[in-house]
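Observations on the three-dimensional arrangement
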Amino acid sequence: MNTLSGKITAAVLSLFLLAYVVFNVWRFFYSPIKTETVIDYTIQDTLQVKGLVIRDETPVRASADGVVRYYYEDGVRVIPGMAVAEVRESREAVLNTLRAAQLEEEAALLRQVQEEGETSISYDSALRQAQEALGQIIAMNDSGMVEGGGELASTLQQALNKRQAVTGEKTDFSARIAALEAEREALVSGDDGALEVISTPEYGYFSSYCDEGVEEISVSLLEECTAAELAELAAKKYPVDRACAGKVIEGYQWYYAALVDEDEAVKFTPGVQVSLSFSGFSSASVPGTVVQLITDEDGTSAVVFECSYMSPQLSALRNPSAQVEFKTYSGLKIPNRALRFEDGVQGVYTSDGQQVRFKRVEVLYEGVDFFLSAMDGNDPERVQLYDDIIVEGTDLYDGKPLGN
């Protein structure tokens, strides 16, 4: 019995040893792994903020009662004494003045085409000019920005007139010019002129929009204002000041003070350049440079950006929300769970179907569950586009064979 029992025990131990060896061999050569393919990816770090536009502004007032007619679009650069508007007796007088100007412009365009003559006009150039103007008008309509629309309309009209002259559809615009001049003369004959011409008192940008924050908010606030005080000012409402005909934004730089969380404040150091996209402002982003970081004792923080770009919409901003756009990052997108360290070097394990290879990474940007690694197609030791990186697996090391 003892002999039989010993044989059974030996057989069991032999089977156990064989199973152990087979398991480890299988584990060595066929360790289950999961891979993902590396792709290129671009991301822009952004932050949504609420803030306050800070500028030195001077109200522009009219002494005469009536309806104001502006000579320029908002945001135009001005110098002291520059005429920017006039006061007319009524809205009808303003409309008549605008119509008279339109008639004179159309007549001038027709005279120009007629004086150039057919031989100096190219059909292709006239057609190209019309197509370009029409394309810009369509793009302007889609974007919601109408700045410069009047000039484009005139360009389109002139190109169409030239096309008529070239094709022979119409070569003599004399009758049309005479009709335009007669209509204009009828409008201006009963015009008593402006009650007052409004001029600007300072250098800067002129805007027809003036709110009640003009005399409350100035650049001097940034010398001693706390982040909490800026937050209070940013939360206020600033109704339009209807007693003003407009304002001059003094100088050519202005500031946007944005409220940020304490942990976000570390991103903003003087000199950092960003792009600002303001709510309700559909044009291109506004370049801004960090010039100041204000932090209260309780951690309340505000970052101040200096800007110089101006437009009609920007000239009316007071306390808008904005999206702060930092540097754009492009690289290879890799899941965080794939990151490994070998001999103190950070990298990932990749699979070519035959063996495991360790490849270095250079982290450019860290997201929630991924990071971006720099691309370098000339360095075979660095992870490459379309590599199969191992995101799940055990006992991995460089050179480990993989079973088929």
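As shown above, the structure is provided for reference.
Fair warning: this is a prediction, and the values are worked out from it, not measured in the lab.

Phi is positive for Asp 343, close to 55°, though the residue is something other than glycine. Along the chain, the position of Asp 343 falls in the loop between strand E15 (339-342) and strand E16 (345-351). Look at Asp 343 and you get exposed, because its relative accessible area is 78%. Although it is not a glycine, Asp 395 sits at a positive phi angle of roughly 50°. Locating Asp 395 in the fold gives a position in the segment after strand E20 (388-392).

To continue, consider the nonpolar core. Ranked by internal contacts, the top residues of the largest apolar core, which has 25 residues, are Trp 254, Tyr 256, Phe 268, Phe 278, Phe 305 and Val 324. Elements supplying a minimum of two residues to this core: strand E2 (39-54), strand E10 (254-260), strand E11 (273-278), strand E12 (286-295), strand E13 (301-307) and strand E14 (321-335). Contact partners of Phe 268, with chain neighbours within four places excluded, come to Leu 47, Val 260, Val 290, Leu 293, Val 303, Phe 305, Val 324 and Phe 326. By size, the runner-up hydrophobic cluster in this structure holds 16 residues, among which are Leu 52, Ala 257, Ile 294 and Ala 302.

Pairing of side chains with opposite charge becomes possible as their charged atoms draw close. Per the stated rule, a full pass over the model turns up 14 salt bridges. Here Glu 86 and Arg 69 are joined by a salt bridge, their closest N and O atoms 3.3 Å apart. Of the two residues, Glu 86 is situated in strand E6 (residues 83-88) and Arg 69 in strand E4 (residues 67-70); the sequence distance between them amounts to 17 residues. Residue classification places Glu 86 among the buried positions, given a relative accessible area of 6%. Among the salt bridges present, the one from Arg 382 reaches Glu 362, with a minimum N-O distance of 3.3 Å. Taken together, the residues span a long stretch of sequence, with Arg 382 in the loop between strand E19 (370-373) and E20 and Glu 362 in the loop between strand E17 (356-360) and strand E18 (363-366) at a distance of 20 residues. A cluster of three or more residues bridged by salt bridges with shared partners is formed by Arg 55, Glu 57, Asp 211, Lys 247 and Arg 318.

Conventions we followed
- Residues numbered from 1 in each chain as written.
- Predicted model: local features only at pLDDT ≥ 70, side-chain atom pairs only at ≥ 80, totals over all residues.
- Heavy atoms only, no water.
- Helix = DSSP H or I, 4+ residues; strand = E, 2+ residues; numbered from the N terminus.
- Buried < 20%, exposed > 50% of the residue type's maximum accessible area, 1.4 Å probe, protein only.
- Core = buried A, V, L, I, M, F, W, Y, C linked by side-chain atoms within 4.5 Å.
- Contact = heavy atoms within 4.5 Å.
- Salt bridge = Lys/Arg side-chain N within 4 Å of Asp/Glu carboxyl O.

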